[in-house]
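Reading the structure
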Amino acid sequence: MSRDLGHLREHYVAGTLRRADLAADPVAQFERWWDEWVAAGRYDPAACVLATADADGRPSARFVLCREFDAHGFVLYTNLESRKAADLAANPQASLVFGWLDQDRQVRVEGSAAPLDDATVDAYWSSRPRGSQLGAWASTQSAVVPDRAAIEARLADAEARFGAGDEGPAVPRPPYWGGYRVSIERMEFWQGRPDRLHDRFAYRRDASAPGGWSVERLSP
Ligand SMILES: Cc1cc2nc3c(=O)[nH]c(=O)nc-3n(C[C@H](O)[C@H](O)[C@H](O)COP(=O)(O)O)c2cc1C
């Protein structure tokens, strides 16, 4: 049976994006939209989709949490033996999409993903709740497991080694846990408009442009 969804029609009327509104660089523009999204109090401002491709160019995408952004890129944390990590080892090109749909907005980021250095990962690791730290020891992310009991057995092992609960001695970082910074080569801001005549602006790195970025309006 197929479900016809053609009757679901949103009207994109939340706002506009004009060239005169744009910040000179895409991170400053992202920060403006980020602040507006956070102020709206929606779940979960940091959630974004990370797209990668494997050695054969086969794409896959999944949500992650963006934990930091600045001119150097967008930072995320994950398991370095996961499917996404295998993709990025074979092909560091990556793309992120933030979907702030209540505001009729999406932001696309394209660049390459580089592993974070140990000091950066350690600093973030130590800020994580102890339960999440134990969970990282319990997970062989993306591997096939026979059942949930296998995951819980690994958690029990970690608790036996490091102590259970929210309080207790520091949990060391598993050697396979780390993160990536996705650099910014291109960023696009999309604001939905009526009749599908959306506003789109793409920033591209361009050493000859003022501020180092060219900005072009794209057809919806
Ligand atoms: C809202 C949301 C946030 C997530 N954040 C992360 C994250 O920050 N890091 C992570 O490894 N997985 C995160 N996940 C789980 C991933 O979507 C995915 O299941 C996991 O990373 C394995 O992906 P892979 O097998 O493609 O490597 C999140 C899922 C959701 C729905």
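For the structure, check the block above.
Criteria and thresholds
Residues numbered from 1 in each chain as written. Predicted model: local features only at pLDDT ≥ 70, side-chain atom pairs only at ≥ 80, totals over all residues. Heavy atoms only, no water. Helix = DSSP H or I, 4+ residues; strand = E, 2+ residues; numbered from the N terminus. Buried < 20%, exposed > 50% of the residue type's maximum accessible area, 1.4 Å probe, protein only. Contact = heavy atoms within 4.5 Å. Core = buried A, V, L, I, M, F, W, Y, C linked by side-chain atoms within 4.5 Å. Phe/Tyr/Trp six-rings, centres within 6.5 Å; stacked < 30°, edge-to-face > 60°. Near = heavy atom within 4 Å. Polar contact = N/O pair within 3.5 Å; in protein donor to acceptor, adjacent residues only side chain to side chain. Areas by Shrake-Rupley, 256 points an atom, 1.4 Å probe, with all protein chains shown as cover. Nonpolar A, V, L, I, M, F, W, Y, C, P; charged D, E, K, R; others polar. 1 Å grid on protein atoms, 1.4 Å probe; cavity = no way out; pocket = protein on both sides within 12 Å on 5 of 7 lines; lining within 4 Å. Points joined across faces, edges and corners; volume = space filled by probe spheres on them.

Quick look at the environment of I184
Here I184 is to be found in the loop between β6 (177-182) and β7 (186-191). On the basis of relative accessible area, I184 is assigned to the buried category, the value being 1%. Each C-alpha atom of the pair I184 and E10 lies 31 Å from the other, and the pair is 174 residues apart in sequence. Once residues lying within four places of it in the same chain are set aside, the contact partners of I184 are V27, D70, A71, G73, F74, V109, E110, R205 and W213.

A look at the nonpolar core
Burial of nonpolar side chains together is a common tendency in soluble globular proteins. Ranked by internal contacts, the top residues of the largest apolar core, which has 31 residues, are F30 and F74. The leading source of residues in this core is helix α1 (residues 26-39), at five residues. Leaving out residues up to four positions away in the same chain, F30 has contacts with F69, F74, F98, W100, V107, M187 and F189. In this structure, Y77, F162, Y176 and W177 belong to the second largest nonpolar core, which totals 13 residues.

Some words on the packing of aromatic side chains
Where two aromatic rings form a pair, the distance of their centres and the angle of their planes describe that pair. Using the criterion set out here, one finds 20 aromatic pairs in the structure. Of the aromatic side chains, those joined through ring pairs into one cluster are F30, W34, W37, F69, F74, F98 and W100.

Here we look at the site of the ligand
Neighbouring the ligand are R62, F63, V64, L65, Y77, T78, S82, R83, K84, Q141 and S142. K84 has a polar side-chain atom sitting 2.6 Å from an oxygen atom of the ligand. S142 places a polar side-chain atom, nitrogen or oxygen, 2.6 Å from an oxygen atom of the ligand. The protein chains hide 66% of the 630 Å² of surface that the ligand would expose on its own. Every element with two or more residues in the shell around the ligand is listed here: β2 (59-70), β3 (73-79) and α2 (83-90). At four residues, the largest contribution of residues to the shell around the ligand is made by β2. Residue composition of the shell around the ligand, grouped by class: four nonpolar, four polar and three charged.

Side note on unusual backbone geometry
Following Y43, the chain continues into D44 via a peptide bond in cis, with omega recorded as -25 degrees. Assignment of secondary structure puts D44 in the loop between α1 and β1 (47-53). Of note in this structure, D104 is not a glycine but carries a positive phi near 55 degrees. Positive phi values are uncommon outside glycine, yet D195 reaches one of about 60 degrees. As for its position among the elements, D195 is in the loop between β7 and β8 (199-205).

Considerations on the layout of surface pockets
By volume, the largest pocket is sized at about 360 Å³. Along the walls of the largest pocket sit 17 residues, with Y77, T78, R128, Q141 and W177 positioned nearest its centre. Contributions of two or more residues to the lining of the largest pocket are made by β2, β3 and α4 (130-138). The element best represented in the lining of the largest pocket is β2, accounting for five residues. Looking at the lining of the largest pocket residue by residue, the classes come out as eight nonpolar, five polar and four charged.

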